[in-house]
Every structure is written in C-alpha cells, then in structure tokens.
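Topology and contacts: notes
Each chain, written out:
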Amino acid sequence: MFCPNCNSQVPNGAPYCEKCGVQFKASPAPKKRSSGGGGGGGGGSRGGAAPPSYLVLSILATMFCCLPTGIIAIINSAKVGGAVASGDYNAARDASGAAMKWCVISFVLCALQIIFSMIMIAMKAEAGGGAGV
Ligand SMILES: [Zn+2]
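Details of the overall build of the chain
- The helix and strand tally for the chain stands at three helices and zero strands.
- Scanning the chain from its N terminus toward the C terminus, one meets helices and strands in the order α-α-α.
- A burial count over the chain gives 20% of its 133 residues as buried.
- Intrachain contacts of the chain at a sequence separation of at least 6 include 43% that bridge at least 24 residues.

Quick look at the structure:
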C-alpha cells in the first residue's frame, strides 16, 4: 500500500507511515471493534467519568446511624478512589454501587431502630402507668 499523504510505500497493515508519520485511519490491522458483536450491551464505552464515591454519605451513616454497615460503606467508598486511580472503572462502579447500598442499609436500620425504640417507649409507658421502677 501507499501512504496517502506522502505517497511512499509502506508495508501492508502498518498503523502509520514510517516516512511522514501520518496515522492511517482506515487501517486494515485487526482491532477490537468488531461490527457484529453479540448484543453490545453498553459495555464498550467506559466514558471516563468517575462514579461517585459516596464517602460523605458513608461517614454520615457511620456517625449517625449504624456503625458496622457504615464502615462497610466507607471501605467501598475508599475502593472507588483507588479503582479510579488505577483506571479500573468497572471496579470503581461496583464499589460505588456497594457504597451506596450500604449507606441505604445504614439509614434504613437507623430508621427501624428509631421506630422500634419509640414502640418500646410507648409500651413501657402503657405498662408502667407512671410508676417508677
Ligand atoms: Zn507518509
């Protein structure tokens, strides 16, 4: 084949011209982009946008709600940053989702605890009738 830029001969399948350095866009070299993939469920383009780490939410959940589940959320939040730093966006997205899940679990447990303690107080007030123990 011949370089379209400088017309010098280049080996077939070369990604760029060795003489002038121009890149061949329609390179015949085999690449990953196979047009007839199986479904192609959006796994190809990773965008480059880092997923949210939910770190602040995790810390709030730990401080005000449930300590064990909040700590799990914080650990996953920390994983998000590490995975983004190493360019592993799939792992970052997994950790981000896990962090959010554990934050939600913490808040739900917190709400259940409040409801439960209110029920206990109501029952105690009803049973005790004001008599001090
Ligand atoms: Zn050239």
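Description of the packing of helix H1 (residues 55–64) against helix H2 (residues 67–85)
- In the contact formed by H1 and H2, the axes pass within 8 Å of each other and the chain directions differ by 165°. Looking at the two axes, H1 sits roughly antiparallel to H2. Regarding H1 and H2, the two cross each other, and that crossing is left-handed. Contact residues: Leu 55, Ser 58, Ile 59, Ala 61 and Thr 62 in H1; Leu 67, Gly 70, Ile 71, Ala 73, Ile 74 and Ser 77 in H2.

Some thoughts on the nonpolar core
- Counting 16 residues, the largest nonpolar core has Ala 61, Ala 73, Val 80, Ala 99 and Cys 103 as its most contacted members.
- Of all elements in the fold, only H1, H2 and helix H3 (89–128) reach the threshold of two or more residues within this core.
- Excluding its chain neighbours within four sequence positions, the residues that come into contact with Cys 103 are Tyr 54, Leu 57, Ser 58, Ala 61 and Ala 73.

Re H1
- All of the buried residues in H1 are Leu 57, Ser 58, Ala 61 and Thr 62. Projected down its long axis, H1 shows its buried positions confined to an angular sector of 135°, all on one face. Away from the buried face of H1 by more than 90 degrees, exposed residues Val 56, Met 63 and Phe 64 are located.

Describing the environment of Trp 102
- Locating Trp 102 in the fold gives a position in helix H3.
- As for Trp 102 and Leu 57, which are separated by 45 residues in sequence, their C-alpha atoms are 9.9 Å apart.
- With sequence-adjacent residues up to four places away left out, Trp 102 is seen in contact with Thr 69, Ile 72, Ala 73 and Asn 76.

Concerning unusual backbone geometry
- Phi at Asn 7 is positive, roughly 65°, even though this residue is not glycine.
- Tracing the backbone through its elements, the reader meets Asn 7 in the segment before H1.
- Look at Tyr 54: it is not a glycine, yet its phi comes out positive at around 60°.
- Following the sequence through the fold, Tyr 54 ends up in the segment before H1.

Quick word on the confidence of the model for the chain
- Scored by pLDDT, the chain has a mean of 81; 78% of the residues are at 70 or more.
- The spread of mean pLDDT over the elements of the chain runs between H1, the lowest at 88, and H2, the highest at 92.
- Of the regions scoring below 50 in pLDDT, residues 36–45 engages in zero contacts with residues more than four places distant in sequence or in other chains.

Rules used in this analysis
Residues numbered from 1 in each chain as written. Predicted model: local features only at pLDDT ≥ 70, side-chain atom pairs only at ≥ 80, totals over all residues. Helix = DSSP H or I, 4+ residues; strand = E, 2+ residues; numbered from the N terminus. Buried ≥ 20, exposed ≤ 12 C-beta atoms within 10 Å, placed from the backbone. Contact = placed C-beta atoms within 7 Å. Axes fitted to C-alpha atoms, helices over the stretch in contact; angles between N-to-C directions. Parallel < 35°, antiparallel > 145°, perpendicular 65-115°, else oblique. Left-handed = near helix turned anticlockwise from the far one by under 90°. Core = buried A, V, L, I, M, F, W, Y, C linked by C-beta atoms within 7 Å. Arc of directions from axis to C-beta. pLDDT = per-residue confidence, 0-100.

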